[in-house]
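Listed here are the chains, written in short residue letters.
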Amino acid sequence: MSKISDKIINTVKEKSKSLEGEMSFFDHLEELRWHLIRSALAICVFTIIAFTFYTWIYDHIIMAPSKKDFWTFRAMCQVGEWLHRDMCISNINIHLINTEMAGQFTLMIDSALMIGLILGIPYLLFELWRFIKPALHEKERKAASGFVFYASFLFICGVLFGYYIITPVSLNFLSSFTVSGQIQNLFSVDSYLSSVSTLTLATGLVFELPILVYILANLGILTPKFMRDTRRYAIVIILIIAAIVTPTPDMLTMTVVAIPLLLLYELSISVAAVVERRKKKRAAEADAS
């Protein structure tokens, strides 16, 4: 009889542990849901602000890379004077049209949402860090304490690089490129917004490469030796990406785009090396103890 009662008690204990594990899992899902909700609310707030000041944003931010007095074009003209080359942009042939009944209203909504997303990503990273932080050990928390700052900093640098370098150069080339003089370039507002937002946001995400390498190095997937051994292939890939992003025969422009990507790769190697040294140090301390 006692054996049966003990078996029942053990079964109840195991069942309670299982229920506690399930509740813990659902609690984590609930916590993640609230982090995502707060991030979505922050993006909505930034979107509403962008919507409120949309006229100024459209004239001075969205359309700025298509104007010949944009900062990048003035800087190119100054560099051309130093190099005794004609690098000034005298005219940008961008003529926008709207072919949809609600096209301009949709443009307003989409561009305000895109600006809200870009401004809200640092807060999204902060909420992600708040969700992950409790699951980390004390040493891991210290090692990743600057995650939000560095990830946000790299993303902002990428957005600025994409907006001020890649976007205006690409717009200038694509707007003036013609297969035949009989074809007139008339761009829809959706196509223009898609080009500006994609180039800007994509560059911001590409600049997160050191953060991605840090995570993969901690998981043991990437090592600094592997990245150094494959450096020559990485350089070729980066040059191809630079050629695609800036489809222009000017080698100077392609080089300007490729150099930051190469620096990011070298920085990623350094990040992976730091992670490897820390892992070896922890392993040595564990063996000593």
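Each remark here, short or long, concerns the structure printed above.
These numbers come from a predicted model, not from an experiment.

Trainee: In this structure, what is going on with the overall build of the chain? I would like to understand it.
Mentor: Of regular secondary structure, the chain possesses eleven helices and two strands. When the helices and strands of the chain are listed from N to C terminus, the series reads α-α-α-β-α-α-α-β-α-α-α-α-α. Within the chain, buried positions represent 32% of all 289 residues. In the chain, the proportion of contacts linking residues at least 24 apart, taken out of those at least 6 apart, comes to 80%.

Trainee: Looking at this model, I keep getting lost on the side chain of E208. Mind explaining?
Mentor: If you trace the backbone, E208 turns up in the loop between α7 (189-206) and α8 (209-218). Of the buried charged residues, E208 lacks a salt bridge, with R278 as the closest side chain of opposite charge at 16 Å. When neighbours within four sequence positions are excluded, E208 is seen to be in contact with A151, L154 and F155.

Trainee: Where do I start with α7 in this structure?
Mentor: Helical geometry: 3.6 residues make up each α-helical turn, so side chains three or four residues apart lie on a common side. Compared with an ideal rise of 1.5 Å per residue, which puts 18 residues at 26 Å, α7 spans 26 Å between its outermost C-alpha atoms and is within 8% of the ideal. For α7, the full list of buried residues reads V189, Y192, L193, V196, S197, L199, T200, L201, T203 and G204.

Trainee: What should I look at first to understand a nonpolar patch on the surface in this one?
Mentor: A cluster of nonpolar side chains, W71, I156, L160 and Y164, forms an exposed patch at the surface whose accessible area comes to about 380 Å². Of all the elements, helix α6 (residues 147-176) adds the most residues to the nonpolar patch, at three residues. Here I156 shows up in helix α6. According to the relative accessible area criterion, I156 is partly exposed, its value standing at 41%.

Trainee: Just to check I follow, could you spell out the pattern of salt bridges for this structure?
Mentor: Side-chain pairs of opposite charge can arise whenever the charged atoms involved come near each other. For the coordinates displayed, the defined rule picks out four salt bridges. In this structure, the salt-bridge partner of E127 is R38, at a minimum N-O distance of 3.2 Å. With E127 in helix α4 (residues 103-132) and R38 in helix α1 (residues 2-52), the pair connects residues that are 89 residues apart, well separated along the chain. One salt bridge connects E266 with R231, and the closest N-O pair in it is separated by 2.8 Å. Of the two residues, E266 is situated in helix α11 (residues 251-288) and R231 in helix α10 (residues 231-245); the sequence distance between them amounts to 35 residues. Overall, the relative accessible area of 33% leaves E266 in the partly exposed class. Judged by relative accessible area, R231 falls into the partly exposed class, the value being 26%. It is possible to trace a salt-bridge network through shared partners that takes in R38, E127 and R130.

Trainee: For this particular structure, what's the right way to read the packing of α6 against α7?
Mentor: Geometry of a packed helix pair, given as the angle between the helix axes and the separation of the axes. Closest axis-to-axis distance for the α6/α7 pair is 7 Å, and the angle between their directions is 140 degrees. If you check the angle between α6 and α7, you find them oblique. The crossing of α6 and α7 is right-handed. Where α6 approaches α7, its residues L154, F155, G158, V159, F161, G162, Y163, I166, T167, S170 and L171 are matched on the opposing element by Y192, S195, V196, L199, T200, L201, T203, G204 and L205. When grouped by side-chain class, the residues that make up the contact of α6 with α7 number twelve nonpolar, eight polar and no charged.

Trainee: Any chance you could explain the layout of surface pockets here in plain terms?
Mentor: Approximately 480 Å³ is the volume attributed to the second largest pocket. In this structure, the second largest pocket is lined by 21 residues; those nearest its centre are I61, I115, I118, L119 and V159. For the lining of the second largest pocket, the secondary-structure elements that each account for two or more residues are α1, α2 (54-62), α4, α6 and α7. No other element matches α4, which puts six residues into the lining of the second largest pocket.

Trainee: Help me out: how do you make sense of helix α3 (residues 71-83) in this one?
Mentor: For α3, which comprises 13 residues, the first-to-last C-alpha distance of 18 Å matches the rise-based estimate of 18 Å (1.5 Å per residue) to within 8%. Along α3, the residues classified as buried are T72, F73, M76 and G80. All buried residues of α3 lie within an arc of 95 degrees about the axis, which places them on one face of the element. Against α6 lie the buried residues of α3. Just downstream of α3 lies H84, where phi reads positive at about 60 degrees.

About the cut-offs
- Residues numbered from 1 in each chain as written.
- Predicted model: local features only at pLDDT ≥ 70, side-chain atom pairs only at ≥ 80, totals over all residues.
- Heavy atoms only, no water.
- Helix = DSSP H or I, 4+ residues; strand = E, 2+ residues; numbered from the N terminus.
- Buried < 20%, exposed > 50% of the residue type's maximum accessible area, 1.4 Å probe, protein only.
- Contact = heavy atoms within 4.5 Å.
- Lys, Arg positive; Asp, Glu negative; His and termini not counted.
- Salt bridge = Lys/Arg side-chain N within 4 Å of Asp/Glu carboxyl O.
- Expected span 1.5 Å × (residues − 1).
- Patch = residues over 30% accessible without salt bridge, like charges linked within 9 Å, V, L, I, M, F, W, Y side chains within 5 Å.
- Areas by Shrake-Rupley, 256 points an atom, 1.4 Å probe, with all protein chains shown as cover.
- Axes fitted to C-alpha atoms, helices over the stretch in contact; angles between N-to-C directions.
- Parallel < 35°, antiparallel > 145°, perpendicular 65-115°, else oblique.
- Left-handed = near helix turned anticlockwise from the far one by under 90°.
- Nonpolar A, V, L, I, M, F, W, Y, C, P; charged D, E, K, R; others polar.
- 1 Å grid on protein atoms, 1.4 Å probe; cavity = no way out; pocket = protein on both sides within 12 Å on 5 of 7 lines; lining within 4 Å.
- Points joined across faces, edges and corners; volume = space filled by probe spheres on them.
- Arc of directions from axis to C-beta.

Read these as geometric descriptors, not functional statements.
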